[in-house]
Amino acid sequence: MRDHERELQRAFDAQAAAFEHAPVQSDPAALERLVAFADLPAAARILDAGCGPGLVSAAFLRAGYRILGVDLSDEMIQRARARCAAFGDRAWFERQSLFDPLPEDGFDAAVSRYVIHHVTDPLAFLRRQVELVRPGGVVVASDHTTDPDPARARWHYQIECWRDRTHTRCLTAGALTDLFAAAGLLDIRLTEERFALDFDEWFDRGSPTRPKADVRARLLSGPGARGFLPQELADGHVRIASWRALVRGVKSV
Ligand SMILES: C[S@@+](CC[C@H](N)C(=O)[O-])C[C@H]1O[C@@H](n2cnc3c(N)ncnc32)[C@H](O)[C@@H]1O
């Protein structure tokens, strides 16, 4: 396993319990929108790349699909297995990297949510999924996004890295779309959604490199970014208005 993957495994083993209950990750309406956006054929076989605790897998399973989920973290895979046990042999989970050999290929689709901002080479991450889906298969990614202005994007990126040692980048919605094109995907669709983070909840389940007070101060003194706009509320809480992109592309036949 590569060094960064080891770091990810440690970080997500530690935060699995908090992650699976986090309001943004577990929001049922957002999960249903992701399933609808993927627009997959009935009973499709889906690879969930970086499946975490199986929240995304469970949403696709409820819609009648079949899932193989892979994740670096044991704690995440155990939770995914428990969460999706009721779906029987339609659900299978393996603790491994996406880049390790898989027990099967020729998937109808590959899906990843909130993984691209953690990987060292996002194009390789997408190309691996393209390799694993059949011709005509679909690749879907959802991730939070940043500002096209470089100074605002740098500020946002610094805060993300202070709060999470495994954060590697913030992409704009456009850059995410370009990645799909660079991976050879066609008929690309993009949509954006807004969501809100509570600073305390978000920070407390992270793997920080700086004290919470420093991160809060930097957050409130910065320029704000498209996709990451903090607001201090009257009760002292900080709410971050955030945007995520959902991107879908098709592998050529
Ligand atoms: C932020 S979590 C997202 C979990 C899930 N996709 C969700 O949205 O609920 C990111 C997950 O990606 C996993 N991950 C990152 N790189 C990976 C790789 N190369 N192979 C497998 N899993 C990976 C991490 O272990 C972590 O559990």
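Residues numbered from 1 in each chain as written. Predicted model: local features only at pLDDT ≥ 70, side-chain atom pairs only at ≥ 80, totals over all residues. Heavy atoms only, no water.

## Remarks on the environment of A18
Relative to the helices and strands, A18 resides in helix α1 (residues 3-21). For A18, a relative accessible area of 39% corresponds to the partly exposed category. Taking C-alpha positions, A18 is 33 Å from I188, a pair spaced 170 residues apart along the chain. (Helix = DSSP H or I, 4+ residues; strand = E, 2+ residues; numbered from the N terminus. Buried < 20%, exposed > 50% of the residue type's maximum accessible area, 1.4 Å probe, protein only.)

## Digging into the nonpolar core
Counting residues in each nonpolar core, the largest one holds 34 residues, and the members touching the most others are L40, I46, F60, Y65, F93 and V140. Elements with a minimum of two residues in this core: α1, α3 (28-38), α4 (55-62), α5 (74-84), β3 (91-95), β4 (107-113), β5 (133-144) and β8 (238-250). Ignoring anything within four residues of it in the chain, the contact list for I46 reads L40, F60, Y65, R66, I67, L68, F107, A109 and V111. (Core = buried A, V, L, I, M, F, W, Y, C linked by side-chain atoms within 4.5 Å. Contact = heavy atoms within 4.5 Å.)

## Structural notes on the site of the ligand
Taken together, the neighbourhood of the ligand is formed by 19 residues, with G50, D71, L98, R113 and Y114 sitting nearest. A distance of 2.7 Å separates an oxygen atom of the ligand from a polar side-chain atom of D71. When the ligand is considered free in solution it has 600 Å² of accessible area, and contact with the protein chains removes 98% of it. Comparing atom positions with the cavity grids shows the ligand to sit within the largest pocket. The element contributing the most residues to the shell around the ligand is α1, with four residues. The class makeup of the residues in the shell around the ligand is eleven nonpolar, five polar and three charged. (Near = heavy atom within 4 Å. Polar contact = N/O pair within 3.5 Å; in protein donor to acceptor, adjacent residues only side chain to side chain. Areas by Shrake-Rupley, 256 points an atom, 1.4 Å probe, with all protein chains shown as cover. 1 Å grid on protein atoms, 1.4 Å probe; cavity = no way out; pocket = protein on both sides within 12 Å on 5 of 7 lines; lining within 4 Å. Sits in = over half its atoms within 2 Å of the grid points. Nonpolar A, V, L, I, M, F, W, Y, C, P; charged D, E, K, R; others polar.)

## Focus: the packing of aromatic side chains
One pass over the full model with this rule turns up six aromatic pairs. Both rings, one in F12 and one in F19, keep their centres 6.4 Å apart while their planes meet at 80°; by these two values the pair is edge-to-face. Judged by relative accessible area, which is 12%, F12 ranks as buried. Among the residues examined, F19 registers a relative accessible area of 12% and is labelled buried. In this arrangement the basic side chain of R45 is found over the ring face of F107, its NZ or CZ atom lying 5.1 Å from the centre. The ring of W162 has R210 sitting right over it, with the charged end atom 4.0 Å from the ring centre. (Phe/Tyr/Trp six-rings, centres within 6.5 Å; stacked < 30°, edge-to-face > 60°. Lys NZ or Arg CZ within 6 Å of the ring centre and 35° of its normal.)

## Re unusual backbone geometry
The phi dihedral of D39 falls on the positive side, at around 55°, and the residue is not glycine. Secondary-structure assignment places D39 in the loop between α3 and β1 (45-49). Backbone geometry places D187, a non-glycine residue, at a positive phi of 50°. Within the fold, D187 resides in strand β6 (residues 186-198). For D187, a relative accessible area of 60% translates into the label exposed.

## Let's talk about the layout of surface pockets
Of the voids in this model, the largest pocket is the one considered here, and its volume is about 540 Å³. Around the largest pocket sit 33 residues that line it, and L8, G50, L72, V115 and V119 are the ones nearest its centre. Secondary structure elements with two or more residues in the lining of the largest pocket: α1, β1, α4, β2 (66-71) and α6 (122-132). Here the element with the most residues in the lining of the largest pocket is α1; it accounts for six residues. Considering only residue class, the lining of the largest pocket consists of 18 nonpolar, nine polar and six charged. (Points joined across faces, edges and corners; volume = space filled by probe spheres on them.)

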